[in-house]
Amino acid sequence: MADLKKFAVIGGGMMGSAIAQVLASIDGASVIVRDIFDIDIKAKVRGNMKLLVEHGVVTEQDVEDRVAKIEFTKDINDPRIADAELLIEGVLEDMKLKQDTFAELEKVCRPDCIFCTNTSVMSPTEIYSKIEHKERACGTHFWNPGYLIPLVEVVKTVNTSDEVINTVVETLAKAGKKPVVCKKDVPGFIANRMQHALWREAISIVENGIADAETVDIAVKNSFGLRLPQLAPLENSDMVGTQLTYNIHNYVLNYIEDSHKPSPLLQQMIDEGKFGFRAEDGQGFYKWDEESKKKANDDLSTYLIRMLYGK
Ligand SMILES: NC(=O)c1ccc[n+]([C@@H]2O[C@H](COP(=O)([O-])OP(=O)(O)OC[C@H]3O[C@@H](n4cnc5c(N)ncnc54)[C@H](O)[C@@H]3O)[C@@H](O)[C@H]2O)c1
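Residues numbered from 1 in each chain as written. Predicted model: local features only at pLDDT ≥ 70, side-chain atom pairs only at ≥ 80, totals over all residues.

Re the nonpolar core
Where a protein is soluble and globular, its nonpolar side chains tend to be buried together. Counting residues in hydrophobic clusters, the biggest one holds 48 residues, and the most contacted among them are Val-9, Ile-19, Ala-20, Val-31, Ala-84 and Leu-87. Among the elements that take part in this core, helix α1 (residues 14–23) stands out by supplying six residues, more than any other. Sequence-distant contacts of Ala-84, that is, excluding residues within four places in its chain, are made with Lys-6, Phe-7, Ala-8, Ile-32, Cys-109 and Cys-113. (Core = buried A, V, L, I, M, F, W, Y, C linked by C-beta atoms within 7 Å. Buried ≥ 20, exposed ≤ 12 C-beta atoms within 10 Å, placed from the backbone. Helix = DSSP H or I, 4+ residues; strand = E, 2+ residues; numbered from the N terminus. Contact = placed C-beta atoms within 7 Å.)

Structure below.
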């Protein structure tokens, strides 16, 4: 059983700070975070944990104990990076940047340091193309907010050793995560393939005038969305029977969206500046203002804390 304690996180942004916070929850852990800009990583982690304190999941002392295990450096040659047993990269989603970052890290890190990339959608196999010891490297796809959502998809490249996959899974489980192994390096890994099949259909329903955006979301929240955490698709398929699943698919798959391109409606919205939260006037499928945007984020965190911790 691997008992890793020395961690490095490369990139101290939204995901990097959450990942550092998660790794620091392991007993005896130390986490060094590296960014190219000066970042107050301890303040970021305190910020992440504020709501957990307010809901009574952790105490102020727990926060300070966690923060004490996380340090920051701008120096890639920092000995704490050189000595790390497992490193997770969370720099920007740019293939060349990630490839060059790992090529640079391979020169600095000990030869048995496990390399993980938190890429959202890019191929870990391609990300590791410039390193020599490819068997030590895999994907670890955390979900935002990374300190709350339990899932981490551990992505096996064509070169990753089984030992490395097992060690990463064990380590993430110790940090309170729910790691799952994605056995093939495929775009979207496991969960985003399903999530975006659903989004494609949701957008198509609006585009085809079957229902408006609000109705689509109401339908989800008041039907399968409600039972999904308890009854996932394949359990549900067994529950209704695979024969019924077959009959439904045999009929309905002829009609649901199967486009391999983003929806023309999405393109039109982009052309019209309807970027959602990022639009100047807050227009997307809905109309947002600063208050409703903050409320949407706060409501999500509060909901997740209630679901995960019962608080
Ligand atoms: N945001 C999400 O919801 C989400 C979810 C899962 C995965 N991801 C992935 O995680 C990664 C990070 O995303 P984020 O949202 O935290 O981005 P972010 O912009 O918040 O953070 C990226 C950080 O990387 C730093 N950086 C850039 N070049 C660097 C270098 N050479 N060395 C060290 N640090 C460097 C930046 O200064 C910045 O602080 C991306 O690959 C992203 O696709 C994001």
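Some thoughts on the sheet that holds strand β3 (residues 70–73)
The strand order across the open sheet formed by eight strands is β3-β2-β1-β4-β5-β6-β7-β8, and the pairing between neighbours is mixed. The open sheet is flanked by β3 and β8 (178–182), the only strands paired with a single partner. Strand after strand, the sheet turns through a mean of 25 degrees between neighbouring axes, direction not considered. Two strands pair when backbone bridges link them, and strand β2 (residues 30–34) and β3 are joined in this way by four bridges, in the parallel orientation. (Pairing = 2+ DSSP bridges. Axes fitted to C-alpha atoms, helices over the stretch in contact; angles between N-to-C directions.)

A word on the domain arrangement of the protein
The assigned domain composition of the protein is domain 1 (6–182) and domain 2 (191–309). Once you take the C-alpha centre of each, domain 1 and domain 2 turn out to be 29 Å apart. Facing eight residues of domain 1, the contacting portion of domain 2 comprises six residues. Only α2 (41–54) and β7 (151–155) provide two or more residues apiece to the side of domain 1 that touches domain 2. Here the side of domain 1 that touches domain 2 is built from residues that sort into six nonpolar, one polar and one charged. (Domains from an automatic or database assignment. Nonpolar A, V, L, I, M, F, W, Y, C, P; charged D, E, K, R; others polar.)

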